[in-house]
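# Report on the structure
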There are 2 protein chains.
Amino acid sequence: MRNIKLLIEFDGTNFLGWQRQKEGRTVQGCIEKAILKITGEESLINGSSRTDSGVHSRGTVANFFTNSKIPGNKFREAINTKLPDDVAIIKSEEVDMDFHARYSSKGKRYSYTIVNRYEKLSLGKQYLYHVRYKLNVEDMKKACEYFIGTHDFRAFMSPGSSAKTTIRTISEFYIEQEDDMIKIFISADGFLYNMVRIIVGTLIKVGNGKIKIEDIEGIINEGNRKKSGMCVPPNGLILEKVFY
Amino acid sequence: MRNIKLLIEFDGTNFLGWQRQKEGRTVQGCIEKAILKITGEESLINGSSRTDSGVHSRGTVANFFTNSKIPGNKFREAINTKLPDDVAIIKSEEVDMDFHARYSSKGKRYSYTIVNRYEKLSLGKQYLYHVRYKLNVEDMKKACEYFIGTHDFRAFMSPGSSAKTTIRTISEFYIEQEDDMIKIFISADGFLYNMVRIIVGTLIKVGNGKIKIEDIEGIINEGNRKKSGMCVPPNGLILEKVFY
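The structure presented is a predicted model; accordingly, all values stated were derived computationally and were not measured. (Residues numbered from 1 in each chain as written. Chains lettered and ligands numbered in written order. Predicted model: local features only at pLDDT ≥ 70, side-chain atom pairs only at ≥ 80, totals over all residues. Heavy atoms only, no water.)

Glancing now at the side chain of Asn63(B). All names here are of chain B. If you trace the backbone, asparagine 63 turns up in strand 3 (residues 56-66). A polar side-chain atom of asparagine 63 sits 2.9 Å from a polar atom in the side chain of asparagine 3. In this structure the side chain of asparagine 63 is engaged in a polar contact, spanning 3.0 Å, whose partner is the backbone nitrogen of alanine 101. When near neighbours in sequence (up to four residues on either side) are disregarded, asparagine 63 contacts Asn3, Ile4, Lys5, Leu44, Ile45, Asn46, Phe99, His100 and Ala101. (Helix = DSSP H or I, 4+ residues; strand = E, 2+ residues; numbered from the N terminus. Polar contact = N/O pair within 3.5 Å; in protein donor to acceptor, adjacent residues only side chain to side chain. Contact = heavy atoms within 4.5 Å.)

What follows covers unusual backbone geometry. In the Ramachandran plot, Asn194(A) falls in the positive-phi region, its phi being about 65° despite a non-glycine side chain. Mapped onto the secondary structure, Asn194(A) falls in the loop between strand 9 (181-188) and helix 4 (195-207). A residue is classified by how much of its surface remains accessible, and Asn194(A), at 14% relative accessible area, is buried. For Asp179(B), which is not glycine, the phi dihedral falls at a positive 55°. (Buried < 20%, exposed > 50% of the residue type's maximum accessible area, 1.4 Å probe, protein only.)

With that settled, consider the state of the cysteines. Two cysteines joined by a covalent bond between their sulfur atoms form a disulfide. In the structure shown here, the tally under the stated rule is 0 disulfides over all chains. Free cysteine Cys144(A): the closest other cysteine sulfur is in Cys231(A), separated by 17 Å. (Disulfide = S-S within 2.5 Å.)

Another aspect to go through is the relation of the copies chain A and chain B. If you rotate chain A by 180° and push it 0.0 Å along the axis, it lands on chain B with an RMSD of 0.0 Å. Such a combination of rotation and displacement between the chain copies is what one expects of a two-fold axis. Minimal C-alpha separation from the rotation axis in chain A is found for Gly124(A), amounting to 4.3 Å. Looking at chain A, 100% of its interface residues are interface residues in chain B too, so the copies touch through the same face. (Least-squares fit on C-alpha atoms with pLDDT ≥ 70 in both.)

Turning to the interface of chain A and chain B, a few remarks are in order. Contacts between the two partners involve 29 residues from chain A and, on the opposite side, 29 residues from chain B. Here chain A meets chain B over a buried area of about 2,100 Å², counting both sides, of which 50% is carbon and sulfur. In terms of surface lost to chain B, no three residues of chain A exceed Lys120(A), Ser122(A) and Leu123(A), which account for 33% of the buried area on that side. The tally of links from chain A across to chain B stands at 6 salt bridges. The salt bridge partner of Arg117(B) is Glu9(A), with a shortest N-O separation of 2.9 Å. Inspection of the chain A/chain B interface yields 14 residue pairs in polar contact (both at pLDDT 80 or more). (Buried area = accessible area lost by both parts, 1.4 Å probe. Salt bridge = Lys/Arg side-chain N within 4 Å of Asp/Glu carboxyl O.)

See the structure below:
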């Protein structure tokens, strides 16, 4: 038995998310079907992140066990020949048997992109969240500072999570702006369910003046989901990297 | 009678290009249908650029004549309510009766984006041309210099153009690189049919060593289409701006 690690990119637009479902097109489902065609084995793959429908990825990691004799680095091209256009294996390699894409993960990095303009948006909609009212990006940048560090983030979580603890450590959180594009980068040792999207929704409320920068600390400490921002749409979100 | 000028953005992925056709979905066709719904008039719109199927735009300009009493700046929202998601009116205004989106144009600016990596591409494919072999971007940057200025560009034109002269003036031509993204910007007083895409195809042959930088001048002067590069795919191309 061997353990194969995959680095995966996908466009989430036409997927019902990562996780295999009985009905519907998922990234995990597509990759497992491709592996079955190549090895003849019904492999279950472990994914680093069960991203939601519409979320994209440049950095999902997965692993699976196989008896196949295919060299580790050859799985990339082999699996790609059996995959649709909107999912790609970027790298494949054989790893130690104890490597697990999810449990071995030490952290993740996401980006979220907002286009901030009054005018209707028609180009790149599947990768952008369109905010029509003017955002104060300088205030949003200052607000990022309050999230960095180890906190209980239960105010920034959707129901349905099985997380044992809601304490996480955000190591990096910053914004780059170019013209009407606001690109947000966030890294942590792990994220609660919808945490990135709710934190971005909270930043947007800072940007439109509905939450004051100095209130962020209290919102984190109080831990009340009703005080944080909306869960912004999935299409602006890209999983950039998983750390091991 | 009044003359209304429109600034238009569209995602070309699901359009058979700009120009109205008897069958099939075109940008011009969609906008003319929207204007009919609003004004009750069968207006023909003049477009600045008859972009091909799959080409995108942030800057197409069009004008049309109308007897409608709708204020010039109100056409934007009115037309947008009748348009599909992948085309947007960014601005509308009343202009002098002698303004013509195509004949009054003094120049255009395009961008073309290449992603240069060996790995399969799944994300953003509709806006990127994927080149898998390594390109020498420094050589491509140097080659740009030879195109700038007034030249006969008949070596960089597909058949089917009704242009009276093949002489054009390129005022700006440069490349920005960020990681594996190669973004090319080119401005001219006008472009021959497929001229941007064939010039980019020629740059790619410089980038992979099949054309030497010092041979560019001769290729331009000789005017032989067989010596220039391929016409690269439409999806990397965006019409950025039309100058008046």
